[in-house]
Every structure is written in structure tokens, then in C-alpha cells.
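Notes for the structure review
This is what each chain is made of:
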Amino acid sequence: MGDEEEEVVEERTVDISLKALSKKLEEFAKARDWEKYHSPRNLLLAMVGEVGELSEIFQWRGEVDKGLPNWEESDKEHLAEELADVLLYLVRLADICGIDLGDAASKKMDKNAIKYPPKCF
């Protein structure tokens, strides 16, 4: 290899709970004195804007295969950023509204399981 340095790229795997993410978002907002802007309405409108940006990524692509096999890596990175923006606003909105998002999602899944039982063939 000579004097060339080999670049080592590590895959970063993060397993973070919704509660931990919520705490990080709260600390982030406090450190920047943004709490005064984080009303439920403002967070919802910001999230809707991010959903719009997410929609633009898919707007003219037609149907897309699972795993996005024909996408450029840069397009996947852009998608990941927009998905993260939506998630972060959703988690922050739930926290500001006093909703335990994990608990609410779990309860909703239980309701959906009753409402939409698996078909027996």
C-alpha cells in the first residue's frame, strides 16, 4: 500500500429509545433557548413542512422497490435526513403535548390488531 492510508468506514448502528431521543431533543432546545418556539402548533407546522420535503423525494419516481435498489447513495442519504426530520419533530411534539409516544403507538397497534384481525384461510 505504500504511503497511502486506508480509509476505514464503520457502519454506525444506533439503538435509541423514544424516551432517550425525547430527552436529547429537550436538551438541544434548552441549550439554544428554543423552548419558547416549541408550541404544539409550531412543531406540528414544522413537521408538516418536513413531510412535504419528504414527499418531494418520491413525487415523480412512480412506484419504488423495497430497499430502493435503483437509488443513488446520495438520494438515500437525503431520504434518511428527511425521515429523521419528521421523526424528530414528531417526538418533540409528543413530548410537548405530554404524550408517551411509545405507549401510544403500542396501544394503537393493539387496537389495530382487534380491528383488523389476520384472515384465517
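Below: a short report on this structure. (Residues numbered from 1 in each chain as written. Predicted model: local features only at pLDDT ≥ 70, side-chain atom pairs only at ≥ 80, totals over all residues. Heavy atoms only, no water.)

A few points about the environment of Ser39
- Structurally, Ser39 can be placed in the loop between helix H1 (18-31) and helix H2 (40-58).
- Look at Ser39 and you get partly exposed, because its relative accessible area is 26%.
- Taking C-alpha positions, Ser39 is 7.2 Å from Ile96, a pair spaced 57 residues apart along the chain. (Helix = DSSP H or I, 4+ residues; strand = E, 2+ residues; numbered from the N terminus. Buried < 20%, exposed > 50% of the residue type's maximum accessible area, 1.4 Å probe, protein only.)

Here we look at the layout of surface pockets
- The space that makes up the largest pocket amounts to roughly 550 Å³.
- Of all elements in the fold, only H1, H2 and helix H3 (73-96) reach the threshold of two or more residues within the lining of the largest pocket.
- A total of five residues in the lining of the largest pocket trace back to one element, the largest contributor, which is H1.
- Its residues placed into classes, the lining of the largest pocket shows 12 nonpolar, two polar and four charged. (1 Å grid on protein atoms, 1.4 Å probe; cavity = no way out; pocket = protein on both sides within 12 Å on 5 of 7 lines; lining within 4 Å. Points joined across faces, edges and corners; volume = space filled by probe spheres on them. Nonpolar A, V, L, I, M, F, W, Y, C, P; charged D, E, K, R; others polar.)

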